[in-house]
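Residue-level structural notes
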Amino acid sequence: MVRSPQYISNNTKQPTGYMENSISYSAIEDVQLLSWENAPKYCLQLTIPGGTVLLQAANSYLRDQWFHSLQWKKKIYKYKKVLSNPSRWEVVLKEIRTLVDMALTSPLQDDSIHQAPLEIVSKLLSENNNLTTQDHESIIVAIAPLLENNHPPPDLCEFFCKHCRERPRSMVVIEVFTPVVQRILKHNMDFGKCPRLRLFTQEYILSLNELNAGMEVVKKFIHSMHGPTGQCPHPRVLPNLVAVCLAAIYSCYEEFINSRDNSPSLKEIRNGCQQQCDRKPNLPLRLLHTSPDLVSQEATLTESRLKPVIVTSNEIHVEVERNNTANQKMTAGVGNDSEPNLIDCLMVSPTCSTMSIELSAQADRILGCYVEILKMLSDYDDWRPALASLLQPIPFPKEALAHEKFTKELKYVIQRFAEDPRQEVHSCLLSVRAGKDGWFQLYSPGGVACDDDGELFASMVHILMGSCYKTKKFLLSLAENKLGPCMLLALRGNQTMVEILCLMLEYNIIDNNDTQLQIISTLESTDVGKRMYEQLCERQRELKELQRKGGPTRLTLPSKSTDADLARLLSSGSFGNLENLSLAFTNVTSACAEHLIKLPSLKQLNLWSTQFGDAGLRLLSEHLTMLQVLNLCETPVTDAGLLALSSMKSLCSLNMNSTKLSADTYEDLKAKLPNLKEVDVRYTEAW
């Protein structure tokens, strides 16, 4: 409708000014620019039934905009009318091509110029389901130029999905759909607002997998999305690809998810494994025998309580099988004779409760395709940090995590995370928050996804320990939940696990004497364990000498001193009285924290202008809880390390001048450190 521009009637008896009534576009018979001599400036002439109307604009630019807009609206109205009642499809196809050419040649710059023809074609296709395959392909080819810079509307996406499913080997899929999907992956910001774009992308990738080369074609497509350089120039590609993969994997288990009320939960499956196999030994462990009577009673109760669970849906068959011979749980009684022996506690046996999921052939192909894509994504170094972050919350249904084929294939991705030396990658193996399992727990012995004797577990522990996780908290978690597997792998000579057990002894993680003796026996059973245990004993003797009362109360290291210099100095005598240590303007790093935590009387520590970082700060916060004065001026510490200081309740003076302290972290520290009286935050964000 044309509304309220200033108009001049060609009939002098008619008033001039602003229009009181609108004119519908369907009533406009013709639109012309006035070009004769002495014509009013910047005017358009509209021919309508019963006369003409002159529209006057403020300038030539606005007049031309009106002219082209009215021409566009008039033609769109015509095409809507013509294509709403098609009679001959060859005529319809010709009209579609003319419509597309008009949109491409229009001087108007507006999204609706290209979207309007797409919506007309989309409506045409949705209302005519009797088209032949040839008609489908002809229409797709005709509208292809409009799709180069525009997302297809929802109904058109459904039409494209149908074509991908019915004719995956069609050349239209490769030649027309490929640039459309590439544009979607590069520019789409939220599949939640346009889910059919995601579904179209999903069906397109599946159609590539149906070609003769199969996954090789998919791999080339993924590579084309990444680009030939080491860094993908399009930041939206990876999140969009992961979103498509997650949705496709979810669809494989959708029917079973819909009947979830009848299915066992992931927690029940996991706890079932642990209860029946006793894969997680209780602390403390003792080298004692079990009570046959108690075991027999427990086996009888378990057998009567646990029955095979079978859940069936149209495409998915789930069966939980329980091995009755493995249902005997070693229960701890009051007497010593009821404790499990060491071998039983350390045994990492195959899963006793298995969940067998049988997918349909189509769902199985979809699962295989999209898990393979996740594996491809994990092979790109620049994508791996973001991929690890996206997968850290474990965004898969519990049915997928209980499906052996899925977890076995996904293991490659988790292994890639575990092999990556970057902390931002391998730290995503841990849970996203307390109380929630992470990949570390799922692929550890006793976890529902573990299908080996702890090789991946050892690899994950190795990379985490090599980073900045030599902390009491991490070791306590291992001692409480994974001590048995750690001891078994140490027994088999795994050096990382031997180091773990030594650290547990060194940091006094294990309180129980019997358990300490078992750990010592385990260490002495291998050459590498015996050597590392002897080194531990030597360090403990040096520690006793270091902490023996005596020596100076104040100590200042010369500038340019290194970690090795500090270690050499502290090994030279007793420093049990040392209360004030200045390492200012030296070259010490976070590595010296392992020596600093052995000073029992330390109350004041000056690290001004050193290379002491977050990892060392985390270690200090766990051990030097009596520290009162700490100077971190001009050190490379960040919020990640400074937040750990909240556990040092005795701090009364803290210098964070010229560090990467944020305002939020500063407020958090002030709230959690009640004795803090002197704080220096100059030249920081909190200043």
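Above this note sits the structure.
Thresholds, definitions, all that
- Residues numbered from 1 in each chain as written.
- Predicted model: local features only at pLDDT ≥ 70, side-chain atom pairs only at ≥ 80, totals over all residues.
- Heavy atoms only, no water.
- Buried < 20%, exposed > 50% of the residue type's maximum accessible area, 1.4 Å probe, protein only.
- Helix = DSSP H or I, 4+ residues; strand = E, 2+ residues; numbered from the N terminus.
- Pairing = 2+ DSSP bridges.
- Core = buried A, V, L, I, M, F, W, Y, C linked by side-chain atoms within 4.5 Å.
- Contact = heavy atoms within 4.5 Å.
- 1 Å grid on protein atoms, 1.4 Å probe; cavity = no way out; pocket = protein on both sides within 12 Å on 5 of 7 lines; lining within 4 Å.
- Points joined across faces, edges and corners; volume = space filled by probe spheres on them.
- Nonpolar A, V, L, I, M, F, W, Y, C, P; charged D, E, K, R; others polar.
- Axes fitted to C-alpha atoms, helices over the stretch in contact; angles between N-to-C directions.
- Parallel < 35°, antiparallel > 145°, perpendicular 65-115°, else oblique.
- Left-handed = near helix turned anticlockwise from the far one by under 90°.

As for the pairing of strand β4 (residues 43-48)
Most of β4 is tucked away: five of the six residues are buried. Here four bridges tie strand β3 (residues 30-33) to β4, and the two strands are oriented antiparallel to one another. Bridging from a neighbouring strand, Val31 pairs with Leu46 of β4. Counted along the chain from β4 to the antiparallel partner strand β5 (residues 51-56), the turn is two residues long, and its residue Gly50 has a positive phi close to 95°.

Observations concerning the nonpolar core
One recurring pattern in soluble globular proteins is that nonpolar side chains are buried together. In terms of nonpolar packing, the biggest core is built from 179 residues, with Tyr370, Phe396 and Trp439 touching the most fellow members. Residues contacting Trp439, with those up to four places away along its chain left out, are Leu391, Gln392, Ile394, Phe396, Leu401, Leu410, Ile414, Cys428, Leu429 and Met460. With ten residues, the next largest nonpolar core counts Ile28, Leu46, Ile48 and Val53 among its residues.

Looking at the layout of surface pockets
Roughly 810 Å³ of internal volume is contained in the second largest pocket. Residue lining of the second largest pocket: 33 residues in total, with Glu506, Leu543, Glu594, Ile597 and Lys598 positioned closest to the centre. Those elements that provide at least two residues to the lining of the second largest pocket are α23 (495-506), α25 (527-547), α26 (563-570) and α27 (593-596). Examining the composition of the lining of the second largest pocket, we find that nine residues originate from one element, α25, more than from any other. A class-by-class count of the residues in the lining of the second largest pocket yields 15 nonpolar, nine polar and nine charged.

Notes on the environment of Leu367
Tracing the chain through its elements places Leu367 in helix α14 (residues 361-378). The class for Leu367 is buried, based on a relative accessible area of 2%. Sequence-wise, Leu367 and Lys405 are 38 residues apart; in three dimensions their C-alpha atoms are separated by 9.4 Å. With sequence-adjacent residues up to four places away left out, Leu367 is seen in contact with Ile249, Cys252, Tyr253, Leu359, His403 and Phe406.

As for the packing of helix α22 (residues 483-491) against α23
Between two packed helices, the angle of one axis relative to the other and the distance separating the axes together describe the packing. Orientation of α22 relative to α23, taken along the N-to-C sense of each, is 125°, at an axis distance of 8 Å. In this view, α22 runs oblique relative to α23, as classed from their interaxial angle. The handedness of the crossing between α22 and α23 comes out as left-handed. From α22, Leu483, Cys486, Met487, Leu489 and Ala490 reach across to α23, where they touch Met497, Val498, Ile500, Leu501 and Met504. Of the residues in the contact of α22 with α23, the class split is ten nonpolar, no polar and no charged.

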